[in-house]
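# Close look at the chain arrangement
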2 protein chains.
Amino acid sequence: MGVVIPLEEGKNKQASVKPLVDLTRPDMERVNQLILSKAGSDVQMIPEVANHLISSGGKRLRPMLTLASAAMFGYEGEGHIKLATSVEFLHTATLLHDDVVDESDLRRGKSTARTIWGNQASVLVGDFLLGQSFRMMVEVGSLDALDVLSTASAVIAEGEVLQLSVAKKMETTEDDYLSVIRAKTAALFAAAAEVGPIIAGTDRSTRNALKSYGMNLGLAFQLVDDVLDYGGKAVDLGKNVGDDFREGKITLPVILSWRRGTDDERAFWRKAIEQGDSSDANLEKALGLITKYGGLTDTIARAEHYGAMARDALAPLPDGPHKNALMEVIDFCISRVN
Amino acid sequence: MGVVIPLEEGKNKQASVKPLVDLTRPDMERVNQLILSKAGSDVQMIPEVANHLISSGGKRLRPMLTLASAAMFGYEGEGHIKLATSVEFLHTATLLHDDVVDESDLRRGKSTARTIWGNQASVLVGDFLLGQSFRMMVEVGSLDALDVLSTASAVIAEGEVLQLSVAKKMETTEDDYLSVIRAKTAALFAAAAEVGPIIAGTDRSTRNALKSYGMNLGLAFQLVDDVLDYGGKAVDLGKNVGDDFREGKITLPVILSWRRGTDDERAFWRKAIEQGDSSDANLEKALGLITKYGGLTDTIARAEHYGAMARDALAPLPDGPHKNALMEVIDFCISRVN
């Protein structure tokens, strides 16, 4: 079942992604090789565009979930490498298309592909990566894994469209918002964690435990991401502070502040978000209102709730280094804001 | 093996798609139902955007190829309905993304989805249909069919990117152009025709025959489409005459006219296509040069060559109504220009 790497970090240390990175390192090297190889094409523009985003230094959390969740149940084949790469390609394709949809100029501190090669190339190279992703899943040959990942790909797109249709609508409820992030973000985390036990041949309840872990981890991850968009530390992540505000995206910090605010404040939000008056002065004011109503701290509290659900989803499974690493990732995701 | 419908049309009649339509009618009704059902979503914008394009009256030639090529070998299950729908969804997703990439305002005489709902919705609903397409393939459960269709989806995107990278390049050779249309159009025709014998469980040489038929039919189809873009009858198809010219797309009529032209004429093409001087006067002049060098008639001759290859690919297979209908579709595709 692979090498057991002792977890030396005590509970009092800052939660880290390091145990997961260490455990999956040899496999991730193979995933990274496969990413480069499958982003290749005789059509020169394809590897150029794909590698621009691929090499821009994402954490590759999703493929690590697949690798760890396969290894956790003693999987010894080769399929986890391809499925982890498929998961990362689904994610990369989504990012390429998202940047077109959001008209974003920066991602992880670098120019987006669309600002360099245009929207056209971003759409089409995204489609190519989707196709390559499905080809790799097919090569693995598990119809159950194919079912989980193809369903995730449809659900992600559905979530993005839902996000589009609630955009700039201040009446959006927390439940509406949860439907969006469950589909656009958490579904892929859930699928990434579920396909590991699937190819390892575990029973249904184990699959469901990992799926539930991934789903709730994904929700916590996205909630924290939405906090970071309004937080000082976002600059470190190469994201523009207030991107969501300027795009009229309704995230939980805004939802809470709007619902808890006065009539005058709600009128301000409508003007800023619905009518797109997103000047720097209005961003300042928005940040003031979010702070006044605890929009960031309470969003983090919500994230902690989903983190707790993720933890309890894993709890009954046998102890071991993979379980420990997956547990620590929950705290790591949430502690990014502190 | 289903009802045998006599082919009453004699050889001297105009080739028609009608025998194929008649043979596949009961199955196509089920495909059309499934299309509507699988384009459904609680996210209201998804069926709106999808049905706009789906209801705009395409011929649905590709799913008919799948249905006929399964029935031809006595297939009696349910998988051909889902695979035919998957094929049509792959095609529809490509059209949604193409309209964004080409910045097209009209398709089949109707406003494109992107002019009504925006580029964002077109990209994302296309992604949703891709996801739904793969889910249906997975439900059928044939890994061979999944392999063929997922490979086609990657190849189509690769072809679109290749088209982007040769766009506005007058030196594009006929071979470059063939690489583009083989990938962006013919690969899906080939896959649509190949998955029928796959689920019917035929031997490899039969699969290859249908694949070769589809590939060459697809090449002929695209060549004729490119002629229609410069031809008077294109108006009937709801396409703008000269769309390709205005978009700087290098199709075979242009390639032939450029290669056969004088230095002065080549300078004109560079100005018109490479520098985008695509005024109506220049379109007139381009049409004159294309006529002068037989660009349309010779492109049709090339289409007839691929039509002959498609015919010989099918020739050794057992005679019957499905084979006859598939044969007649070859002539129908080519005769659209006459």
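The sections below set out a description of the structure shown in this document. Just so it is clear, the model here is predicted, and its values are computed rather than measured.

### Some details on the interface of chain A and chain B
Taken residue by residue, the interface counts 35 residues in chain A and 35 residues in chain B. For the pair chain A and chain B, the summed buried surface comes to about 3,300 Å²; carbon and sulfur atoms form 79% of the total. Our count for the contact surface shared by chain A and chain B stands at 0 salt bridges. For the pair chain A and chain B, the number of links is 8 residue pairs in polar contact (both at pLDDT 80 or more).

### Here's the deal with the packing of aromatic side chains
Enumeration over the complete set of coordinates arrives at 6 aromatic pairs over all chains. Feature note: the residues Phe245, Phe268 and Trp269 of chain A constitute an aromatic cluster, connected by ring pairs. The ring of Trp258 of chain A carries the charged tip of Arg266 of chain A above its face, separated from the ring centre by 5.3 Å. The residue whose ring lies beneath Arg336 of chain B is Phe221 of chain B, and the NZ or CZ to ring-centre distance is 4.3 Å.

### Observations regarding helix H2 (residues 45-54) of chain B
Within H2 of chain B, 8 of the 10 residues are buried, which leaves it mostly tucked inside the rest of the structure. Those residues of H2 of chain B lying buried are Met45, Ile46, Pro47, Val49, Ala50, His52, Leu53 and Ile54 of chain B. Taken together, the buried residues of H2 of chain B touch helix H6 (143-166) of chain A together with helix H1 (18-38), helix H4 (79-102), strand S1 (106-107), strand S2 (110-111) and helix H5 (113-140) of chain B.

### Here we look at the relation of the copies chain A and chain B
Screw-axis analysis of chain A against chain B gives a translation of 0.0 Å along the axis, an RMSD of 0.0 Å, and a rotation angle of 180°. The superposition of one copy onto the other is thereby described by a two-fold rotation axis. Considering only C-alpha atoms, the part of chain A nearest the rotation axis is Val123 of chain A, at 3.7 Å. Mapped onto chain B, 100% of the interface residues of chain A again fall at the interface, so both copies present the same surface.

### So, the nonpolar core
Membership of the largest hydrophobic core comes to 231 residues, with the highest contact counts inside it found for Tyr213 and Trp269 of chain A together with Tyr213 and Trp269 of chain B. Non-local contacts of Trp269 of chain B, meaning those with residues more than four positions away in its chain, are made with Met170, Phe245, Val254, Ser257, Trp258, Glu274, Ala286, Leu289 and Ile290 of chain B.

### What about the environment of Cys333 of chain A?
Residues and elements named next belong to chain A. Counting through the fold element by element, Cys333 comes out in helix H14 (residues 321-335). Note on Cys333: relative accessible area 0%, which makes it buried. When residues no more than four places from it in sequence are discounted, the contact partners of Cys333 are Leu61, Leu217, Phe221 and Val224.

### So, the side chain of His91 of chain A
Residues and elements named next belong to chain A. Here His91 lies in helix H4 (residues 79-102). When its relative accessible area of 11% is taken as the criterion, His91 is described as buried. Discounting residues that sit within four places of it in the chain, His91 has contacts with Arg62, Arg108 and Leu188.

### Examining the pattern of salt bridges
All names here are of chain A. Taken as a whole and assessed by the stated rule, the structure comprises 46 salt bridges over all chains. Here Lys323 and Asp319 are joined by a salt bridge, their closest N and O atoms 2.9 Å apart. For Lys323, a relative accessible area of 6% puts it in the buried group. A relative accessible area of 67% places Asp319 in the exposed class.

Basis of the calculations
Residues numbered from 1 in each chain as written. Chains lettered and ligands numbered in written order. Predicted model: local features only at pLDDT ≥ 70, side-chain atom pairs only at ≥ 80, totals over all residues. Heavy atoms only, no water. Contact = heavy atoms within 4.5 Å. Buried area = accessible area lost by both parts, 1.4 Å probe. Salt bridge = Lys/Arg side-chain N within 4 Å of Asp/Glu carboxyl O. Polar contact = N/O pair within 3.5 Å; in protein donor to acceptor, adjacent residues only side chain to side chain. Phe/Tyr/Trp six-rings, centres within 6.5 Å; stacked < 30°, edge-to-face > 60°. Lys NZ or Arg CZ within 6 Å of the ring centre and 35° of its normal. Buried < 20%, exposed > 50% of the residue type's maximum accessible area, 1.4 Å probe, protein only. Helix = DSSP H or I, 4+ residues; strand = E, 2+ residues; numbered from the N terminus. Least-squares fit on C-alpha atoms with pLDDT ≥ 70 in both. Core = buried A, V, L, I, M, F, W, Y, C linked by side-chain atoms within 4.5 Å.

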